[in-house]
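Listed below are the residues making up each chain.
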Amino acid sequence: MTLLDSQPVAVAAPPRHGVLPRRRGGTAGYFFVAGYTLLLLVFGVFPTGYAFYLAFTNDHGQFTGINQFARVAQDYRFLPAFGHILVYLLLWLVVLVVLTVLTAVVLRSRLRTSVSALLRFLYYIPGALAGVASVLVWLFMLDPDVSPVSWLLRGLGMDSFAAVLSPGNLPVIFMLIAFWTGAGGWMVVMYGALNNIPDEVIEAARIDGAGPWRTAWSIQIPMIRQWITYMTILAFAAGTQLFVEPQLLQTASLGRVSPTWSPNQLAYVYAFQQGDFNGAAAISVFLLVLGLLCAGLLVWRSNMFTLDEK
């Protein structure tokens, strides 16, 4: 045994009482979320609760069960309003998802950085306009007498403003307005999601012989699936609340568009023309339940909140 071996070895003492040191917590996080939580309660949770209260009571505050829901569902305007909004949502969501994701992939993969940045800015500009201003722009575009694309409208057999606003054209018109105002912002979001894909993954796909479209379909789109689901949920929720566009077109067309074209318009008529706030609340709850069911289905089918296992 050497002298070095006979020396005692210093060993770190264990923590007192076997307790590991704790990280100091702060209150900064609570301050960051306090404002949002307050606004959520005042403008989200409390109004929703009050709407449920009105939907299950009458104008005297007496509990009526589902009578309010049955009464508004029997209104001759109820099914057409929900039918209109479902056709509009089908067109709007399909066009939004397909063209937004496709454009983002092209901007990310096929164009130079400077050109891509310019196009993203141009796509975003219409979204900076308020909904009312967007509808006014489209009123100008849809009138064959003053529209710069009057040749296209007349080529489609629409020679007057009344012909353009025929009932069969309204879902397409509202879809175009919604896409023009909202798609640009989502293109920027999808572009950012594609930027999160590691370059090594894309390079590996190219080495394996995958072309641009094969890479997009098999690599890029599956890896941003959760972002696409998120976009679809928010777009669906916004689409069910359609009100400004049909309301302004109804006014500008002097009644050619139905004042109860969408469920939100029907709820407005119940509340402010008939004074029936309980019926309006029942329609609002119908829309809320529809949105929650569709959002839950999308989240379940897409595994949106599933964490990747390491």
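All figures in this text were calculated on a predicted structure; none of them were measured in a lab. (Residues numbered from 1 in each chain as written. Predicted model: local features only at pLDDT ≥ 70, side-chain atom pairs only at ≥ 80, totals over all residues. Heavy atoms only, no water.)

Lay out the nonpolar core with the relevant residues and their values.
Generally speaking, a soluble globular protein has its nonpolar side chains buried in company with each other. Ranked by size, the top nonpolar core spans 42 residues in total, and within it Tyr-88, Trp-92, Ile-173 and Phe-174 carry the most contacts. Mapped onto this core, the elements with two or more residues apiece are helix 3 (78-109), helix 5 (131-142), helix 7 (161-164), helix 8 (170-195) and helix 11 (225-240). At twelve residues, the largest contribution of residues to this core is made by helix 8. When near neighbours in sequence (up to four residues on either side) are disregarded, Tyr-88 contacts Pro-171, Phe-174, Met-175, Ala-178, Gly-239, Leu-242 and Trp-261. In this structure, Leu-54, Phe-78, Phe-82 and Leu-266 belong to the second largest nonpolar core, which totals 16 residues. (Core = buried A, V, L, I, M, F, W, Y, C linked by side-chain atoms within 4.5 Å. Buried < 20%, exposed > 50% of the residue type's maximum accessible area, 1.4 Å probe, protein only. Helix = DSSP H or I, 4+ residues; strand = E, 2+ residues; numbered from the N terminus. Contact = heavy atoms within 4.5 Å.)

Can you lay out unusual backbone geometry for me, pointing to particular residues and giving the numbers?
Positive phi values are uncommon outside glycine, yet Leu-254 reaches one of about 60°. Turning to its location among the elements, Leu-254 is positioned in the loop between helix 12 (244-252) and helix 13 (263-272).

Any details on the packing of aromatic side chains? Residues and values, ideally.
In the structure shown here, the tally under the stated rule is 15 aromatic pairs. Judged by centre distance (6.1 Å) and plane angle (20°), the rings of Tyr-50 and Tyr-53 are stacked. Of the two residues, Tyr-50 and Tyr-53 both sit in helix 1 (residues 28-55), three residues apart, roughly one turn of that helix. Through successive ring pairs, a cluster of aromatic residues spans Phe-52, Phe-56, Phe-63, Phe-69, Phe-78, Phe-82 and Phe-286. (Phe/Tyr/Trp six-rings, centres within 6.5 Å; stacked < 30°, edge-to-face > 60°.)

Outline helix 11, listing residues and values.
Here helix 11 spans 23 Å end to end across 16 residues, near enough to the 22 Å set by a 1.5 Å rise per residue. Taken together, the buried positions of helix 11 are Ile-228, Thr-229, Met-231, Thr-232, Ile-233, Ala-235, Phe-236, Gly-239 and Thr-240. Tucked inside the fold, the buried residues of helix 11 contact helix 3, helix 8, helix 10 (212-223) and helix 14 (277-302). (Expected span 1.5 Å × (residues − 1).)

Tell me about the pattern of salt bridges, and name the residues and values.
On inspection of all chains with the given rule, the structure shows four salt bridges. Across the pair Arg-71 and Asp-276 runs a salt bridge, and its minimum N-O distance is 2.7 Å. Of this pair, Arg-71 sits in helix 2 (residues 67-73) while Asp-276 is found in the loop between helix 13 and helix 14, placing the two residues 205 residues apart along the sequence. On the accessibility criterion, Arg-71 (35% relative accessible area) is partly exposed. A salt bridge links Arg-206 to Glu-203; the nearest nitrogen and oxygen atoms lie 3.9 Å apart. Of the two residues, Arg-206 and Glu-203 are both situated in helix 9 (residues 199-207); the distance of three residues between them amounts to about one turn of the helix. For Glu-203, a relative accessible area of 41% translates into the label partly exposed. (Salt bridge = Lys/Arg side-chain N within 4 Å of Asp/Glu carboxyl O.)

Could you give an account of the packing of helix 3 against helix 8, with specific residues and numbers?
Orientation of helix 3 relative to helix 8, taken along the N-to-C sense of each, is 35°, at an axis distance of 8 Å. Crossing geometry of helix 3 relative to helix 8 is assigned as right-handed. Across the contact of helix 3 with helix 8, the residue classes tally to 23 nonpolar, three polar and one charged. (Axes fitted to C-alpha atoms, helices over the stretch in contact; angles between N-to-C directions. Left-handed = near helix turned anticlockwise from the far one by under 90°. Nonpolar A, V, L, I, M, F, W, Y, C, P; charged D, E, K, R; others polar.)

Tell me about the environment of Met-175, residues and numbers included.
Residue placement: Met-175 occurs in helix 8. In the structure, Met-175 is positioned 64 residues away from Gly-239 in sequence and 9.3 Å away in space, judged by C-alpha atoms. Every residue in contact with Met-175, bar those within four places of it in the chain, is listed here: Tyr-88, Leu-91, Trp-92 and Val-95.

Can you tell me about the side chain of Gln-250, naming the residues and giving the values?
Among the structural elements, Gln-250 can be located in helix 12. Its relative accessible area of 17% is what places Gln-250 among the buried residues.

Explain a nonpolar patch on the surface residue by residue, including any values.
A surface patch of nonpolar side chains, amounting to about 920 Å² of accessible area, comprises Tyr-36, Leu-38, Leu-39, Leu-40, Leu-41, Val-42, Phe-43, Val-45 and Phe-46. By the element assignment, Tyr-36 lies in helix 1. Among the residues examined, Tyr-36 registers a relative accessible area of 58% and is labelled exposed. (Patch = residues over 30% accessible without salt bridge, like charges linked within 9 Å, V, L, I, M, F, W, Y side chains within 5 Å. Areas by Shrake-Rupley, 256 points an atom, 1.4 Å probe, with all protein chains shown as cover.)

Can you lay out the confidence of the model for the chain for me, pointing to particular residues and giving the numbers?
Overall, the prediction assigns the chain a mean pLDDT of 83, with 86% of residues at 70 or greater. Here residues 1-12 scores under 50 on pLDDT; set against residues more than four positions off or in separate chains, the count is one contact. (pLDDT = per-residue confidence, 0-100.)

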